[in-house]
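Structure assessment
Chain residues, written in single-letter form:
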Amino acid sequence: MPILTISTSAIKFQNKMKKHNLSILGLFTLVFCLSTVTYGQTAKGGKKISTDLFGLFFEDINYAADGGLYAELVQNRSFEYNPTEQGSWNPYSFWQYVAPGYSYGRISVETSAPIHPNNPHYMVLDIEHIGHEANYSGETGVGLKNSGFDGIVIRKGEKYNFSMFARQLSNNSISFAISLQNTKGEVLASGLFSTSSNEWKKYATTLMATASSDSASLVVLATTEGKFALDIISLFPEKTFKNRSNGLRQDLAQMLADMNPKFIRFPGGCLAHGDGLGNMYRWKNTIGPVEERKEQRNIWGYNQTAGLGYFEYFQFCEDIGAKPLPVLPAAVSCQNSGGTWRIGGTGQRALPINQMDEYVQDVLDLIEWANGPANSTWGAKRAAAGHPTPFNLQYVGIGNEDKITPEFEERFRMIFNAVKAKYPEITIIGTAGPFHSGDDFEKGWKIANELKVPVVDEHYYCQPEWFLSNLKRYDAYKRNAGQVYLGEYASWGNKLRNAIAEAAYMTTLERNGDVVRMASYAPMLAKKNFTQWTTDMIFFDNVNIIPTPNFYVQKMFMSNQGDYFFNKVISFDAKDTTLAASCVQDSKTGDVIVKMVNAGNQAKKMKINLSAFGELVPKAEMTLLTGNADTANSFESPKKIVPVTSDFKAAPKVEYTAPAMSLSVIRIKIKHQ
Ligand code: AHR
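Thresholds, definitions, all that
- Residues numbered from 1 in each chain as written.
- Predicted model: local features only at pLDDT ≥ 70, side-chain atom pairs only at ≥ 80, totals over all residues.
- Heavy atoms only, no water.
- Salt bridge = Lys/Arg side-chain N within 4 Å of Asp/Glu carboxyl O.
- Helix = DSSP H or I, 4+ residues; strand = E, 2+ residues; numbered from the N terminus.
- Buried < 20%, exposed > 50% of the residue type's maximum accessible area, 1.4 Å probe, protein only.
- Pairing = 2+ DSSP bridges.
- Core = buried A, V, L, I, M, F, W, Y, C linked by side-chain atoms within 4.5 Å.
- Contact = heavy atoms within 4.5 Å.
- Phe/Tyr/Trp six-rings, centres within 6.5 Å; stacked < 30°, edge-to-face > 60°.
- Lys NZ or Arg CZ within 6 Å of the ring centre and 35° of its normal.
- Near = heavy atom within 4 Å.
- Polar contact = N/O pair within 3.5 Å; in protein donor to acceptor, adjacent residues only side chain to side chain.
- Areas by Shrake-Rupley, 256 points an atom, 1.4 Å probe, with all protein chains shown as cover.
- Nonpolar A, V, L, I, M, F, W, Y, C, P; charged D, E, K, R; others polar.
- Axes fitted to C-alpha atoms, helices over the stretch in contact; angles between N-to-C directions.

Counted according to the given criterion, the structure contains 32 salt bridges. Two residues, Arg297 and Asp275, come together in a salt bridge whose shortest N-O distance is 2.8 Å. Here Asp275 lies in the loop between helix 4 (270-273) and strand 15 (296-298) and Arg297 lies in strand 15, a separation of 22 residues in the sequence. For Arg297, a relative accessible area of 24% corresponds to the partly exposed category. For the salt bridge of Arg479 with Asp514, the shortest nitrogen-to-oxygen distance reads 3.0 Å. Within this pair, whereas Arg479 is found in the loop between helix 10 (464-468) and strand 21 (483-491), its partner Asp514 is found in the loop between helix 11 (496-511) and strand 22 (516-521), the two being separated by 35 residues in sequence. What makes Asp514 partly exposed here is its relative accessible area of 25%.

Structure follows, in structure tokens:
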């Protein structure tokens, strides 16, 4: 144990200390170094592998951001919804005009003097009469009601932060009654305030809920006659992840944090390169005050507020100890723009060359925004948002599974060369198309090899059988070329058999962790009834979170990463293609982690030989994921497949029977000498 190491060492050094006139502080420093060295030991014979192997892919698909991870509870808060997102949508969508108590007035969406040109629409309320008709004792006023993303979840005893921008258009102060109401119209929380300005001004109040509801609405009622404009009507639970303002949904964010990812990719996916050039994700539109951000059509057919923008993403990465991995478009749009995947993906459009200087500068500016000092042009914007210290960005992805056309190549080279020249310390990630092989894959890698791109992003979604029959894929990769980022992969399905096929494949990513630098399952989040992609890692609604078996596999690997891989620790019938295994050691803790996968229908024996690792702590921990191959978790039965943790008796040589259709992860502690 380290404590023992320290005290024994201390006695041994007592005399030397006297001899060399060392101070107490000096001794402590020496002892601290010794104990760190002891912890840092790994067994001989290990292969150094990536320290960033398993991370997360985040894309605003399936309502992953707005209505999902982003904790905003009001939908269409800034009246920017429009028919390009969904045919029936417009600035009034998800807002209902209300005028209780025999009141009356008018509403209109206007654009003449917005808070900011990026946020052009706002709502005007012209209140002609606040009714107090005979014997009427209920609420009165004229205003708006919003039921959020399929109902607002309110919990008794919790606080909710309401805010809105208002501008008086008549020469009087307007009083407001804000309430959260259940479907019967009963008030669950309420607050009052009055306007005081003919300029846009933000008003805020905290509402305390006295009762709960899963389907509440926000009601904003003006109780004074007059005319005024409203925008960015917002409601957040006070409890967001790490209590960040403009923050993330606590339960979902915590679940991701608990996976222990090494990195998070953002903002996509196809969302990054966009549905046509005008739809490319431009990071500069997503930072700064939310009222100045530019909303736009989400490529997946809804609206993205950019409320969860680059700042919130970087902050989340920092909060959970994951490295940010932003992926920027390579100045070309998605090849499937306009739905052209139906005719073979001919929709790629390239930014005109005369706009490339400006575009390349945008990419460079992102790095300055993330890493530059607080007095640099873009670092100052980060500091103004509340983060004066740099974010330590290390990776930047250029392009997302693009069709490798001459237009792509020309623009990729321009961006790559500029980033490499100005920021040689940044690891650039190139792209090799949407499939595991084929034309784009070959061309993408060819360009990467020519330019010496350090890491290349591969994407593939396949049947579980494909994963099981390609367990040797990366064994054959050249070790003197670019490394791989397996940026998107999944087997088609969320049954246990899919997850176990992925687990088998992930052992091979560990085995090849010298050439596979990173990997992320995709997509990550999917909201019930708002799903555009059927195979996802975590399903959720406003109340529940349903982890899939695939999620558990990811979590078991992410939480058990090592930085040295050991061959020959686990032996099994090599001809049996349903078996796979890996063994890594984490040099920080010295823990040895063994992962064994049985994708077959019968239990199989494996032998574990841990004799290279020194003295083992006999009590180890095993996590086992197993069950019926065709079982999935659902909203009705969320816990059909869950991992089970138990004690495991560690010994230098152990025979283990891997249950049918299973992933077993055993974490063994080593006695430090
Ligand atoms: O992960 C879902 C989508 O799959 C991504 O947006 C895209 O990059 C890929 O085709």
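Pairing in this open sheet of 3 strands is antiparallel, and the strands run 27-30-33 from one edge to the other. The open sheet has two free edges, formed respectively by strand 27 (570-571) and strand 33 (653-658), since each of these has just one partner strand. Bridge analysis of strand 27 against strand 30 (residues 604-609) gives 2 bridges, and the strand direction is antiparallel. Of the residues in strand 30, the one forming a bridge with Ser571 is Lys607.

To continue, consider the pairing of strand 9 (residues 175-181). Counting buried residues in strand 9 gives 5 out of 7 residues, a clear majority hidden from the surface. Connecting strand 9 to the antiparallel partner strand 10 (residues 187-194) that follows it, the hairpin turn spans 5 residues, and Gly185 within it adopts a positive phi of roughly 85°. Strand direction decides the pairing type here: strand 9 and strand 12 (residues 213-222), joined by 6 bridges, are antiparallel. Paired with Gln181 across the bridge in strand 12 is Ser217.

Next up on the list: the nonpolar core. Counting 134 residues, the largest nonpolar core has Phe58, Tyr310, Trp369, Tyr474 and Leu663 as the members making the most contacts within it. In this view, Leu663 contacts Ile500, Ala503, Val553, Met556, Phe557, Met596, Val597, Thr623, Leu624 and Leu625; residues no more than four positions away in its chain are not counted.

Attention shifts here to the packing of aromatic side chains. Summed over all chains, the structure comprises 51 aromatic pairs. Taking the centre distance of 4.9 Å and the plane angle of 55° together, the rings of Tyr460 and Trp466 count as tilted. According to the relative accessible area criterion, Tyr460 is buried, its value standing at 1%. A relative accessible area of 16% means that Trp466 is categorised as buried. A connected cluster of aromatic rings, assembled from ring pairs, spans Phe58, Phe266, Tyr281, Trp283, Tyr310, Phe311, Tyr313, Phe314, Trp369, Trp378 and Phe391. Residue placement shows Lys48 over the ring face of Tyr564; its charged tip is 5.0 Å from the ring centre. Over the face of the ring belonging to Trp378 we find Lys381, whose NZ or CZ atom lies 5.0 Å from the ring centre.

Here we take up the site of the ligand. Lining the immediate environment of the ligand, one finds Phe57, Glu59, Gly269, Cys270, Trp300, Asn400, Glu401, Tyr461, Glu488, Pro523 and Trp533. Within the contact set of the ligand, an oxygen atom lies 2.7 Å away from a side-chain nitrogen or oxygen of Glu59. Here an oxygen atom of the ligand and a side-chain polar atom of Glu488 are 2.6 Å apart. Against a free-state accessible area of 280 Å², the protein chains account for coverage of 93% of the ligand. Considering only residue class, the shell around the ligand consists of 6 nonpolar, 2 polar and 3 charged.

Going from Phe266 to Pro267, the amide bond is cis rather than trans, its omega being 0°. Position of Pro267 relative to the elements: it lies in the loop between strand 14 (263-266) and helix 4. Not every positive phi belongs to a glycine, and Phe79 is a case in point at roughly 60°. Position of Phe79 among the secondary structure elements: in the loop between strand 2 (54-57) and strand 3 (95-98). For Asn246, which is not glycine, the phi torsion reads 50° and is therefore positive. Locating Asn246 in the fold gives a position in the loop between strand 13 (226-237) and helix 3 (250-257). On the basis of relative accessibility, which here comes to 17%, the residue Asn246 falls in the buried class.

The next thing to look at is the side chain of Gln335. Inspection of the secondary structure puts Gln335 in the loop between strand 17 (323-328) and helix 6 (356-371). If we skip the residues at most four places from it in the chain, Gln335 touches His273, Thr340, Gly345, Thr346, Gly347, Gln348, Glu401, Asp402, Lys403 and Pro434.

The next thing to look at is the sheet that holds strand 24 (residues 538-540). Taken together, the 3 strands give an open sheet; going across it, the order is 23-24-25, and neighbouring strands pair in mixed fashion. The strands lining the two open edges of the sheet, one partner per strand, are strand 23 (525-527) and strand 25 (545-547). Each neighbouring strand pair of the sheet contributes to a mean axis angle of 25°, computed without reference to strand direction. For strand 24 and strand 25, the ladder comprises 3 bridges, and the chain directions are antiparallel. Following the sheet pairing, Phe540 is matched in strand 25 by Ile545.

Read these as spatial facts, not as claims about activity.
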